[in-house]
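Understanding the architecture of this molecule
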Amino acid sequence: MTREIKFRAWDKDKKRMREVTEINWYDEYMLVDETPMSGDRLPIEGIPLMQYTGLKDKNGKEIYEGDIVQLSINEKKPHHLGKVEYLPPKFFVIDGEKSGLILTDRYEVIGNIYENPELLNKQPATQLYKKSPGATVDVHSRGPRLQTMILCTLLKKKIRSRS
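Counting starts from 1 at the beginning of each chain's written sequence and moves along it residue by residue. Given that the model is predicted, a residue must reach a pLDDT of at least 70 before its local features are reported, and side-chain atom pairs must reach 80 or more before they are shown or counted; all residues, however, enter totals for whole chains, interfaces and linings. Hydrogens and waters are ignored; side-chain quantities use all the structure's heavy atoms.

Remarks on the packing of aromatic side chains
The following threshold applies: Two rings belonging to Phe, Tyr or Trp (six-membered ring only in the last case) form a pair when the distance between their centres is within 6.5 Å. Interplanar angles under 30 degrees mark stacking, angles over 60 mark edge-to-face geometry, and anything in between is tilted. A helix here means a DSSP run of H or I that spans at least four residues, while a strand means a run of E at least two residues long, and both kinds are numbered starting from the N terminus. Only protein chains enter the accessibility calculation, which uses a 1.4 Å probe; a residue whose area is less than 20% of its type maximum is buried, one above 50% is exposed, and one in between is partly exposed. Lysine NZ or arginine CZ positioned within 6 Å of the ring centre and within 35 degrees of the ring normal marks a charge as sitting over the ring.
Summed over all chains, the structure comprises three aromatic pairs. Taking 5.4 Å as the distance between ring centres and 15 degrees as the angle between the ring planes, the aromatic pair formed by Trp10 and Tyr114 counts as stacked. Within this pair, whereas Trp10 is found in strand 1 (residues 7-11), its partner Tyr114 is found in the loop between strand 11 (108-112) and strand 12 (130-132), the two being separated by 104 residues in sequence. Tyr114 gets classed as partly exposed once you look at its relative accessible area, which sits at 30%. Looking at Lys6, its charged tip hangs above the ring of Tyr52, at a distance of 5.2 Å from the centre. Here the basic side chain of Arg41 rests over the ring of Tyr29, its NZ or CZ set 3.8 Å away from the ring centre.

Okay, structure coming up:
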């Protein structure tokens, strides 16, 4: 399976997200928002790059690293909210406790960490990945393969218990 490789960048000066159309590692610049008649060059140094995950959210919006996403089982309240991060070999949704779930197309993009950082302060009432009262899985302390196994197992158990 192949996925489209593309990036976006946070332009600190203009305070907006920019579509990256070309990266020149040799001359250390990137072209952003390029059209046939215009485009800007930004230095690679100090500009945060965010990679496209290859997934679209439940509304069809592309999901990038740095996006803030939420998963809602019902319309009343979100069950998991966090930012998208790449932890090899997968993209994860990491919450404020540095715990996370594997990113899927069931999430909804509600903002990003540069334009809407306040959204991360809204932690949902329930979390899908509790393994016992008061304990969560710390995906950063495990190897990638074990991270994936733990998170998939916990999510399956939670889904089965709701059935």
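So, the confidence of the model for the protein
Under the convention used in this document: For every residue, the predictor assigns a confidence score, pLDDT, that lies between 0 and 100. We call two residues in contact when some of their heavy atoms are within 4.5 Å.
Here the protein averages 77 in pLDDT, and 67% of its residues register 70 or above. Here residues 124-147 is modelled with pLDDT under 50, and outside its nearest four sequence neighbours on either side it reaches 61 contacts, counting other chains as well.

A short note on the nonpolar core
Side chains of nonpolar character tend, in soluble globular proteins, to be buried together. Under the convention used in this document: In these notes, a set of buried Ala, Val, Leu, Ile, Met, Phe, Trp, Tyr and Cys residues joined through side-chain atoms within 4.5 Å is what counts as a nonpolar core.
Counting ten residues, the largest nonpolar core is built from Ile63, Val69, Leu71, Val84, Phe91, Val93, Leu101, Leu103, Tyr107 and Val109. Counting residues per element, the ones that place at least two in this core are strand 7 (67-71) and strand 9 (90-94). If we ignore the near neighbours within four places in the chain, the residues touching Tyr107 are Asp57, Lys58, Val69, Gln70, Leu71, His80, Val93, Leu101 and Ile102. Listed in part, the seven residues of the second largest apolar core include Val20, Met30, Leu42 and Ile47.

Concerning the pattern of salt bridges
Rules: Salt bridges are defined as contacts in which a side-chain nitrogen from Lys or Arg sits within 4 Å of a carboxyl oxygen from Asp or Glu.
Taken as a whole and assessed by the stated rule, the structure comprises nine salt bridges. When the shortest N-O distance is used, the salt bridge between Arg16 and Asp33 registers 3.5 Å. Here Arg16 is found in strand 2 (residues 16-24), whereas its partner Asp33 is found in the loop between strand 3 (29-32) and strand 4 (40-43), with 17 residues between them in sequence. Note on Arg16: relative accessible area 37%, which makes it partly exposed. The exposure class assigned to Asp33 is partly exposed, which follows from its relative accessible area of 23%. The partner of Asp40 in a salt bridge is Arg18, with the nearest N and O atoms 2.4 Å apart. Residue Asp40 is located in strand 4, and its partner Arg18 is located in strand 2; the two are separated by 22 residues in the primary sequence.

As for the sheet that holds strand 10 (residues 100-102)
To keep things clear, this is the line we draw: Two strands make a pair as long as DSSP finds a minimum of two bridges between them. Every axis corresponds to a line fitted to the C-alpha atoms, with the helix fit spanning only the stretch in contact, and the corresponding angles, defined between N-to-C directions, vary from 0 to 180 degrees.
In space, the five strands of this open sheet follow the order 10-9-8-7-11, with antiparallel pairing throughout. Only two strands of the sheet have a single neighbouring strand rather than two, namely strand 10 and strand 11. When strand polarity is set aside, the average angle formed by the axes of neighbouring strands in this sheet is 40 degrees. The sheet contact formed by strand 8 (residues 80-87) and strand 9 spans five bridges and is antiparallel. In the strand pairing of strand 9, Leu87 is matched with Lys90.

Things to note about the environment of Met50
Considering the arrangement of structural elements, one finds Met50 in strand 5 (residues 49-56). A relative accessible area of 3% means that Met50 is categorised as buried. Taking the C-alpha atoms as reference, Met50 lies 8.9 Å from Asp67; in sequence the two are 17 residues apart. The contacts of Met50, once residues within four sequence positions are left out, are Lys6, Phe7, Arg8, Ala9, Trp10, Met17, Tyr64, Glu65, Gly66 and Tyr114.

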